[in-house]
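Commentary on secondary and tertiary structure
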Amino acid sequence: SGVQLRWRFQGDYANEWSVDNVLVEDGSGGGGGGGGDYSIAGLVAGGMASLVVEGAGAGNQVIVAYSVTGPGPTSTPFGSVDMSPPINQLPGVTAGSDGNANIFAFVPPGITGLTVYTQAGVVTGSGVTLTNSLVEVVQ
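Residues numbered from 1 in each chain as written. Predicted model: local features only at pLDDT ≥ 70, side-chain atom pairs only at ≥ 80, totals over all residues. Heavy atoms only, no water.

1. Focus on the overall build of the protein chain
Within the protein chain, the regular secondary structure consists of zero helices and ten strands. Starting at the N terminus and walking to the C terminus, you meet the elements of the protein chain as β-β-β-β-β-β-β-β-β-β. Looking at the protein chain as a whole, 33% of its 139 residues are labelled buried. In the protein chain, the proportion of contacts linking residues at least 24 apart, taken out of those at least 6 apart, comes to 62%. (Helix = DSSP H or I, 4+ residues; strand = E, 2+ residues; numbered from the N terminus. Buried < 20%, exposed > 50% of the residue type's maximum accessible area, 1.4 Å probe, protein only. Contact = heavy atoms within 4.5 Å.)

2. What to know about the sheet that holds strand S2 (residues 48-54)
The three strands are arranged S1-S2-S8 in an open sheet whose pairing can be described as antiparallel. The two strands at the open ends of the sheet, each matched to only one other strand, are strand S1 (37-41) and strand S8 (101-106). On average, each strand axis in the sheet is inclined to that of its neighbour by 20°, with strand direction left out of account. The sheet contact formed by S2 and S8 spans six bridges and is antiparallel. By the bridge assignment, Ser-50 is partnered in S8 with Phe-104. (Pairing = 2+ DSSP bridges. Axes fitted to C-alpha atoms, helices over the stretch in contact; angles between N-to-C directions.)

3. What about the pairing of S1?
Alternating residues of S1 divide into Tyr-38 and Ile-40, all buried, and Asp-37, Ser-39 and Ala-41, none buried. With five bridges connecting them, S1 and S2 associate as antiparallel partners. When the bridges of S2 are listed, Ala-41 appears paired with Ser-50. Between S1 and S2, which pair antiparallel one after the other, the connecting turn spans six residues, and Gly-42 there sits at a positive phi close to 75°.

4. Side note on the side chain of Ser-67
Looking at the element boundaries, Ser-67 is found in strand S3 (residues 61-67). A polar contact of 2.9 Å, which involves the side chain of Ser-67, links it to the side chain of Thr-69. Within the structure, Ser-67 has its side chain in polar contact with the backbone oxygen of Ser-84 (distance 2.6 Å). When sequence neighbours within four positions are dropped, the list of residues in contact with Ser-67 reads Met-83, Ser-84, Pro-86, Thr-115, Val-116 and Tyr-117. (Polar contact = N/O pair within 3.5 Å; in protein donor to acceptor, adjacent residues only side chain to side chain.)

5. Let's talk about a nonpolar patch on the surface
Together, Val-3, Leu-5, Trp-7 and Val-19 make up a nonpolar patch on the protein surface, roughly 400 Å² of accessible area in all. Considering the arrangement of structural elements, one finds Trp-7 in the segment before S1. (Patch = residues over 30% accessible without salt bridge, like charges linked within 9 Å, V, L, I, M, F, W, Y side chains within 5 Å. Areas by Shrake-Rupley, 256 points an atom, 1.4 Å probe, with all protein chains shown as cover. Salt bridge = Lys/Arg side-chain N within 4 Å of Asp/Glu carboxyl O.)

No statement about biological role is implied by the geometric values presented.
So this is what it looks like as structure tokens:
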């Protein structure tokens, strides 16, 4: 309630435009949410990307999954995820004493422009809590 969104178009050619793939969240995270704040930096073909989950909780296991086929939703044993099959999983890591988990992943060369759908999960004694999902384009 009380949220307003505005898009402004400026130009002198054509009279059609659109806005696509807009997500407005309440701050609890997407796809179930509440499992920490997931972000990616350095998603560049031929380089190393940094995948970070902040607020995962010290000592908790963090898993990251990704798809290049679509945004889902897909029902999984962990809940409904914002990825379409096939869904690939990176090796899990343990969040540090600060509650944050850092994963470094090699981005293959030659995939510039590829759209990646990704989401993380925080594994605790009571199950898996999903983070916000991300849609990123490889640079």
